[in-house]
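# Secondary and tertiary structure notes
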Amino acid sequence: MLHYGTMVVTCSQCGAKFTLGPAKPGAPSKGKFRCSKCGETTLVDLSAPPSNTDTVTAAGTTPAPQAATPKYDPDTTQVNEYSGLELPKDKNITISGIGGPAKGIKHPMTRPRIIIGRLGGGADIEIDDPEISRKHCKVEVRQDIVRLIDLKSTNGTFVNDERVPSAELEHLSEFRVGASLLLVTIMQKQD
């Protein structure tokens, strides 16, 4: 039997909480969502839990009422992967390669999340550098906050020559993946 009330789901990787709305009749009994915080996919058992406010994790069910955050997509039983992410309406954000194999790359952000990775790995920004993982890191935007998040890359993501799991980026922040140096520019949109 599927759960037709509200369900709070916890990311099995980072612990972020997401609220799922009611399942549609005939929907599969299992679903998955991609965490907008860490990017990991979590499988969810959508079978009816004991109450309408239970938190479901990979280990089972425990009560934990929470406020709704991301939108629920009832047609696919998945949380929208861009939930909570939004580009600022008054600014343009660009990732540019300023050193190493990425030099000359210029990528305006048209979506609130981009993946940076090795050439041929299916990332939004692909860099021809064997020191970069296929999906090395991501840049996410929540209005005016730009966050760089390492995706468990083999060789790490660096800000100010320090390996970081994540870091907030500002206008003219630089970060390094493999042998490539990248620059973030955040500029006011021109009318």
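Residues numbered from 1 in each chain as written. Predicted model: local features only at pLDDT ≥ 70, side-chain atom pairs only at ≥ 80, totals over all residues. Heavy atoms only, no water.

### Observations regarding the pattern of salt bridges
For the structure on display, the rule yields six salt bridges. Measuring nitrogen to oxygen at the nearest pair gives 2.5 Å for the salt bridge that ties arginine 111 to aspartate 124. Pair noted here: arginine 111 is in the loop between β10 (106–108) and β11 (113–118) and aspartate 124 is in the loop between β11 and β12 (125–127), with a separation of 13 residues, a long-range link. The class for arginine 111 is partly exposed, based on a relative accessible area of 33%. The shortest N-O distance in the salt bridge between arginine 113 and glutamate 140 comes to 2.8 Å. A residue pair is termed long-range when its members are at least 10 positions apart, and arginine 113 in strand β11 and glutamate 140 in strand β13 (residues 137–142) qualify at 27 residues. (Salt bridge = Lys/Arg side-chain N within 4 Å of Asp/Glu carboxyl O. Helix = DSSP H or I, 4+ residues; strand = E, 2+ residues; numbered from the N terminus. Buried < 20%, exposed > 50% of the residue type's maximum accessible area, 1.4 Å probe, protein only.)

### Side note on the sheet that holds β13
Reading across the sheet, the five strands line up as β12-β11-β13-β14-β17 and stay open at both edges, with mixed pairing between neighbours. The outermost strands of the open sheet, each flanked by one partner alone, are β12 and β17 (166–169). In this sheet, adjacent strand axes meet at a mean angle of 20° when their direction is disregarded. Bridge analysis of β13 against strand β14 (residues 145–150) gives six bridges, and the strand direction is antiparallel. (Pairing = 2+ DSSP bridges. Axes fitted to C-alpha atoms, helices over the stretch in contact; angles between N-to-C directions.)

### Quick look at the pairing of β14
Two faces, one strand: in a regular strand the side chains alternate between the faces of the sheet. Hairpin connection between β13 and β14: a loop of two residues separates the two successive antiparallel strands, and glutamine 143 in this loop has a positive phi of roughly 55°. Where β14 and β17 come together, four bridges link them in antiparallel fashion. The residue bridging leucine 148 from the neighbouring strand is alanine 167, located in β17.

### Comments concerning unusual backbone geometry
One can expect most non-glycine residues to show negative phi and most peptide bonds to be in trans. If you check the backbone angles, asparagine 160 has positive phi at about 55° while not being a glycine. Looking at the element boundaries, asparagine 160 is found in the loop between β15 (157–159) and β16 (162–163). You can call asparagine 160 exposed: its relative accessible area is 71%.

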